Amino acid sequence: MTRVSVVIPCYNDAPFLEVVLAALAAQTRPADEVIVVDNASTDASARVARAAGAVLVSEPRHGIWPAAATGYDAASGDLIARLDADSVPPPDWIAHFETILTRAPLVDVVTGPGDFYDCPRLVAALGRFVYLGGYFRLIGLWLAQPPIFGSNFVMRRAVWAEVRTLVHRERDDVHDDLDLSLHLPPSMSVRFDPALRVGISARPFDTWRGIARRLEWAYRTLALHGPAGSPWRLRSARRTWSRRIRA
């Protein structure tokens with residue numbers, strides 16, 4: 001039987017963490033393992049994780065990438081899913097992506113969008129159609145396939161085994177999901193499923209400084225990959241792989 005691990009990086013997010021762990025406990029298809037990576041929190045995050053029965057892993061290096069990578073390393077499942085501490089998955093979230101990956105053995109990663117839940121409707125709409133919509137459309141064109149969204153995705157265990165030593169996992173100033181997307185070899189495919197949705201916090205839009213920082217991270221992440229990660233080279237690599245498969 002397929003085993004599912006869910007990884008949640010967490011830094012001082014005890015109230016949010018309590019909500020996401022309750023949502024995972026209410027899944028129609030429960031996770032076989034929920035891993036909370038305590039990123040040197042000083043609040044009650046560790047206590048909340050233990051009380052919910054999650055596996056608690058510590059990562060003292062600050063940053064989403066160091067914490068997420070530590071969680072993926074600790075995961076024992078055949079499928080490794082990822083949520084943020086402020087994500088809220090619907091009851092069928094795990095069942096939904098497990099069905100997709102069972103029926104589509106050539107798909108390696110499944111990702112979906114998020115719905116902003118703690119903001120005015122206008123901000124939620126802008127976040128959904130401009131922020132996330134722009135990410136999926138523009139970066140999708142860059143990669144020649146959908147990008148991974150870090151707050152809502154699942155990958156086969158073999159994906160992480162392939163890229164874990166290649167990604168910039170020690171950095172706290174890049175987008176971990178974009179970095180992971182850029183390191184996927186052309187043989188691996190990502191499926192975007194608009195029905196695989198989770199609630200996400202609008203905290204990134206609280207300040208202009210926060211928005212600017214995320215844009216800076218996006219630029220840095222793309223720049224780190226230099227010519228090898230350029231759109232034309234990525235597209236060329238995928239075309240070459242496709243020709244090899246057809247042959």
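How each quantity is defined
Residues numbered from 1 in each chain as written. Predicted model: local features only at pLDDT ≥ 70, side-chain atom pairs only at ≥ 80, totals over all residues. Heavy atoms only, no water. UniProt positions renumbered as here; feature names shortened; annotations may be inferred. Buried < 20%, exposed > 50% of the residue type's maximum accessible area, 1.4 Å probe, protein only. Helix = DSSP H or I, 4+ residues; strand = E, 2+ residues; numbered from the N terminus. Phe/Tyr/Trp six-rings, centres within 6.5 Å; stacked < 30°, edge-to-face > 60°. Contact = heavy atoms within 4.5 Å.

Looking up the protein chain in an unreviewed UniProt entry gives the name 4,4'-diaponeurosporenoate glycosyltransferase, with the organism given as Cryobacterium breve. Heading Pathway (unreviewed entry) of the UniProt record for the protein chain holds this comment: "Carotenoid biosynthesis; staphyloxanthin biosynthesis; staphyloxanthin from farnesyl diphosphate: step 4/5." Taken verbatim from the UniProt record of the protein chain, the Sequence similarities (unreviewed entry) comment is "Belongs to the glycosyltransferase 2 family. CrtQ subfamily."

Caption draft 1: Representation of helix H3 (residues 64-74) within the structure. Burial within H3 is extensive, with eight of its eleven residues counted as buried. Buried within H3 we find Trp65, Pro66, Ala67, Ala68, Ala69, Thr70, Gly71 and Tyr72.

Caption draft 2: Examining the packing of aromatic side chains more closely. According to the stated counting rule, one finds eight aromatic pairs in the structure shown. Ring centres of phenylalanine 136 and phenylalanine 149 lie 6.2 Å apart, and the angle between their planes is 75 degrees; this geometry places the pair in the edge-to-face category. Remark: phenylalanine 149 occurs in the loop between helix H5 (121-143) and strand E7 (152-156) and phenylalanine 136 occurs in helix H5; sequence separation between them is 13 residues. Using a relative accessible area of 13% as the deciding quantity, one classes phenylalanine 136 as buried. Assessed through its relative accessible area of 9%, phenylalanine 149 is described here as buried.

Caption draft 3: Region of the structure containing the environment of arginine 171. Tracing the sequence through the fold places arginine 171 in the loop between helix H6 (157-163) and helix H7 (176-183). Note on arginine 171: relative accessible area 25%, which makes it partly exposed. Apart from residues no more than four positions distant in its own chain, arginine 171 is found in contact with Trp65, Pro66, Arg220 and Leu224.

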